[in-house]
Amino acid sequence: MASINDLPNEILEFVFGLIPPYQDLEQCSAVCKRWASLARNVQIRKKAALQKGLVDFNLCWRQEIPNTQTPSIAARFAHASSLHRNSMYVFGGASSYDTTFNDLWQFDLSRRVWIRPISMGTYPSPKAGASLVCYEGFLVLFGGWRHSYAPFQLCTLFDELHAYNITDNRWTIYNLAFGPPPMTGHSATVHRNKMIVFGGYQKTMENLGTSNDIWVLDLDKFIWKRPSVSDVKPPARYGQFQMAVGENHILILGGTGGVNRIFNDAWLLDMSNDVWRWKSVQIRNKRGTVTHNWSYPACNMGSKIVMLGPTSPNDFQIVRQHRPANQGLHPPNLGRPRQANPGDRHRAVEPNIPPRQNPVRPQLAPPPAAPMIPSIPAQNSSARDPEPKPGPSRLPSPNSTTATPGPSSRAVPAIRSPLFRHHQDDDRLLPKRFNEAPAEHGHMAMAAFSVPPTNPPPVNASRERQLERLRKMEEKILAMRREQREQQEQAAAVAAAAAAAAAVAARHVMSPSPEGAPVTPKRIKRNGLAIYVCDISQLLTSDPSIEWQESKNSGLIAGAPDHFTFSTMVSGNGELIVFGGLNKNPKSESSSVTNSIHFLTVPTTVV
């Protein structure tokens, strides 16, 4: 009688490749030496297939459907995650209601279910933006932030250090006399028995801001140390990606340094000598890099770095506010507050890593318009008018009686984003001539200085403005009609393609496509996350460099997750696991948080 052991190695290895490459495959490898060798080959082939899929861009997204019979984790973002054997552990995070969590969840990759361990010991504080690494059966948690409701305080930072024993399900806190300041947005990796922490948004005794410091934690003794580092360092940042390159090198990629300072650079740290040295890494093919490299997940897969991000740089383009030119000496809206754009507040608040604190400026009353008088010589102006005239440089003080009462200037307890739109502080230092009308001020500035304009508007300027507005409106209507026709044509083409694909699938149910990829009529979501791949095989050469690969179809694949930020991604056995995130709707002021899990892997074909 024939048994499964009578099958050839090729057939048996193919059967092993169809089962989950975690606990089930480990149990198969425990049967005999032959099965152990075949199971090991399956794991190697799955990792090699993912590597080749990243190079050829032959990938597919798969979403895990939650099981209603088991507990489910709450939706969150800015959480911390780490992989240990056959499970992914998730700690903390924030919700869309200004609250944070301190719960620990385990996602069993073999059964695809969530498990809530019954933990004991000293729990960490509810927080988000912390770092979580795994070391010899322990989860090491450090730092983080939570919303603050105290006046004039944006958030509360933590310097707590906890270790979680996975076997005993117990939290342990380490109150150390010497250590790094409270921080968030930092990065951490494990090298032998040490955890290396770099950067972050820190709160020290002197100030509150970004950092480029390095801290080392001895994971055996739990002692913090400060290594000797060379003078050449990366710019201070937070929200960067950090990965271990061997045992003596660290790669830092991206991050942000505050308002309008998004880094797309790369730095390599050499820890082989007594003095650690930073070295800038050359980046090749910058056209293929992600443009917003600080709030999206990334992880390394062998000699490749996989990063998710927006499909277009316009998604996070920072545009300065523009004030239309005033067309007269007394504009109709003078003295009325400018109406705020509903979309600005939504883009201005980023509920994760806080930037530098900005002072709250009280609202001031507009300067009164001075009467138009003939110009007088400069040498007699001081004698005739000893009092300063009201103008842009002579605004009334906040304590004066002319100040218009406005809303309270107390800072809201929210985490502001470095994408907060505002004018540059050095705009006031630009030279301006009093006898010229700037484009953004029109003739209003000359009215404040009581200087008649040298170039008054022509008589028929109003008629020309009306014609220009009509012409622009006509162009906009024509563009909308063209766009509507194109959408209708595209919808008809997609419907025809879907019908054709359905007919082909009905005739050839078990036949794969010629290229080996599954045929699907599903449209690719344009608001999904794009995939960016970076080759780091030349990182440890004499001239270190990394190269971004050219992606197909702007990095979009059918079934991609929605445009979520502040999610996490870990590397499993032949697959990448993406969890959670925050989705900001640009058309409204609402934000949604998800608890969905997506898997990035290579498509499989049935032979």
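Calculation notes
- Residues numbered from 1 in each chain as written.
- Predicted model: local features only at pLDDT ≥ 70, side-chain atom pairs only at ≥ 80, totals over all residues.
- Heavy atoms only, no water.
- pLDDT = per-residue confidence, 0-100.
- Contact = heavy atoms within 4.5 Å.
- Salt bridge = Lys/Arg side-chain N within 4 Å of Asp/Glu carboxyl O.
- Helix = DSSP H or I, 4+ residues; strand = E, 2+ residues; numbered from the N terminus.
- Buried < 20%, exposed > 50% of the residue type's maximum accessible area, 1.4 Å probe, protein only.
- Pairing = 2+ DSSP bridges.
- Polar contact = N/O pair within 3.5 Å; in protein donor to acceptor, adjacent residues only side chain to side chain.
- Axes fitted to C-alpha atoms, helices over the stretch in contact; angles between N-to-C directions.

**Details of the confidence of the model for the protein chain**
Summary statistics for the protein chain give a mean pLDDT of 76 and a share of 69% for residues scoring 70 or more. Under a pLDDT of 50 for its full length, residues 367–455 has, in the predicted model, 130 contacts with residues more than four places off or in other chains. The low-confidence segment residues 508–522 (pLDDT under 50) makes ten contacts with residues lying over four places distant or belonging to another chain.

**Some thoughts on the pattern of salt bridges**
Going through the model one piece at a time under the given rule, you end up with eleven salt bridges. Across the pair E247 and R192 runs a salt bridge, and its minimum N-O distance is 3.2 Å. Here the residue E247 occupies a position in the loop between β21 (241–245) and β22 (249–253), and R192 occupies one in the loop between β14 (187–191) and β15 (194–198), the gap between them amounting to 55 residues. Residue classification places E247 among the partly exposed positions, given a relative accessible area of 48%. A salt bridge links E468 to R471; its shortest N-O distance comes to 2.3 Å. In this pair, E468 and R471 both sit in helix α7 (residues 461–507), three residues apart, roughly one turn of the helix. One network of salt bridges, with partners in common, ties together E468, R471 and E475.

**Focus: the sheet that holds strand β7 (residues 131–135)**
What the five strands build is an open sheet, ordered β6-β12-β11-β8-β7; its pairing is mixed. Edge positions in the sheet fall to β6 (120–121) and β7, since each of these pairs with one other strand and no more. The sheet contact formed by β6 and strand β12 (residues 170–173) spans two bridges and is parallel. Looking across to β12, one finds that G121 is bridged to W171.

**A short note on the side chain of Q240**
In this structure, Q240 sits in the loop between β20 (228–229) and β21. At 2.9 Å, the side chain of Q240 forms a polar contact with the side chain of S187. The contacts of Q240, once residues within four sequence positions are left out, are G185, H186, S187, F198, G199, G200, I252, L253, G254 and G255.

**Brief notes about the sheet that holds strand β5 (residues 113–115)**
Read from one edge of the open sheet, four strands run β2-β3-β4-β5, paired in antiparallel fashion. One side of each edge strand has no neighbouring strand; the edge strands of this open sheet are β2 (80–84) and β5. Put simply, the sheet's adjacent strands are angled 25 degrees from each other on average, direction ignored. As defined by bridge partners, strand β3 (residues 87–94) adjoins strand β4 (residues 100–108) across seven bridges and the pair is classed as antiparallel. Note that in β4 the partner of F91 across the bridge is L104.

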